[in-house]
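# Structure at a glance
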Amino acid sequence: MDTKELLKEIKELKQIKNAVIVAHNYQIDDVQAVADMVGDSLALSRYCATVDADVIVFCGVHFMAESAKILSPEKTVLLPEADAGCPMADMATAEAVREKKKQHPEAVAVCYINSSAEVKAECDICCTSSNAIDVVRSLKEKEVIFIPDMNLGSFVAKKLPEKKIIPWKGFCITHHKIKAEEVKQMKAQHPDALLLVHPECSPEIVEMADFTGSTKQIIDFANNSTNSKFIIGTEMGVLYKLKNDNPNKTFYLMSQGLICPNMKKTSLKSVLDALKEMKHEINLDEDIRTKAKKSLDRMLAIK
Ligand code: 13P
Ligand code: SF4
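In what follows, the accompanying structure is described. The structure displayed is predicted, hence computed values, not measured ones.

## Regarding the site of ligand 2
Taken together, Y26, V61, C86, P87, M88, N114, C172, H175, E200, C260 and M263 are the residues near ligand 2. A breakdown of the residues in the shell around ligand 2 according to their chemical character gives eight nonpolar, two polar and one charged.

Shown next, in the form of structure tokens:
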């Protein structure tokens, strides 16, 4: 089946099933193009919580589709590729969180949205890369267990020195491996370009950046900047929107290794199959879901 045929069938099935397709900024170009909504984790969560549809086809990774289901249990949420997971989310378990809370009874537990429903259910509040600072600032407690990304935790700690951040040892396999040497070389090659990075990069990379933010914040920054050249320090999928929105600006990927293999699993064919066969449906234990929802709702009430 060629792209034209795939798109035609997807469009027809979407209408029949009253479905929407949402895609994260890291999805392949064709999938971003077919989606009703493309965004970062926060924007997609907000959209899924309020959209008027019976079915959400979530083109992203497992924790994202799970978050959509936590917020909208009445909708059918489908993840086109069943094994599209996030290795960082797998670096925290509910049991390990309970253990950490015992060790720090005074602390509040904050979990990055890149975590399982079980972990969210153990935590007091959730955050994304775009609101982590606002979320932690809003808490009355001084001690904060920050789960699971040590790099995002360190970014927050730097911005909020009044808080004591207790880090977790998780990291993103795609962002964490970027080396300062590669970045120095890129900066030397493009001295007039601004460096925009995701807070999942290690602190030494964030230190070198002109701007640090979520995928959406990086896109918004480049769209609004008067500068015309940018080195992009996040997964290559963001280049689709950056280039479409800014045909006269130039974007250099900070490292050729900036590819999230899990985000790249979804294709137009898997979107069509998901709609045809109603797969792979996200289902959650109701007790876990309601507890996890409290963490997400508390976050959504902030910003
Ligand atoms: P954003 O929330 O910035 O879109 O990022 C999600 C993610 O998984 C980054 O690696
Ligand atoms: Fe997870 Fe990193 Fe992929 Fe984001 S880029 S989904 S944090 S592995």
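## Some points on the packing of aromatic side chains
Tallying each qualifying case throughout the model produces two aromatic pairs. Relative to F251, the ring of F230 has its centre 5.4 Å away and its plane inclined at 15 degrees; by these criteria the two rings are stacked. Here F230 is found in strand 11 (residues 229-233), whereas its partner F251 is found in strand 12 (residues 250-253), with 21 residues between them in sequence. As far as burial versus exposure is concerned, F230 and F251 are alike and both buried.

## Considerations on the sheet that holds strand 5 (residues 108-112)
Two pairing modes exist for strands in a sheet, parallel and antiparallel, and in both the strands are linked by backbone hydrogen bonds. Across the sheet, four strands lie side by side as 6-5-7-8; this open sheet has parallel pairing. The strands lining the two open edges of the sheet, one partner per strand, are strand 6 (125-127) and strand 8 (164-167). Between one strand axis and the next, the sheet turns by 30 degrees as a mean value, whatever way the strands run. The sheet contact formed by strand 5 and strand 6 spans three bridges and is parallel. Counterpart to C111 in the pairing with strand 6 is C126. Packing against the sheet, helix 5 (residues 94-103) makes contact with strand 5, strand 7 (143-147) and strand 8, and its axis sits at approximately 165 degrees to strand 7.

Cut-off values and rules
- Residues numbered from 1 in each chain as written.
- Chains lettered and ligands numbered in written order.
- Predicted model: local features only at pLDDT ≥ 70, side-chain atom pairs only at ≥ 80, totals over all residues.
- Heavy atoms only, no water.
- Near = heavy atom within 4 Å.
- Nonpolar A, V, L, I, M, F, W, Y, C, P; charged D, E, K, R; others polar.
- Phe/Tyr/Trp six-rings, centres within 6.5 Å; stacked < 30°, edge-to-face > 60°.
- Helix = DSSP H or I, 4+ residues; strand = E, 2+ residues; numbered from the N terminus.
- Buried < 20%, exposed > 50% of the residue type's maximum accessible area, 1.4 Å probe, protein only.
- Pairing = 2+ DSSP bridges.
- Axes fitted to C-alpha atoms, helices over the stretch in contact; angles between N-to-C directions.
- Contact = heavy atoms within 4.5 Å.

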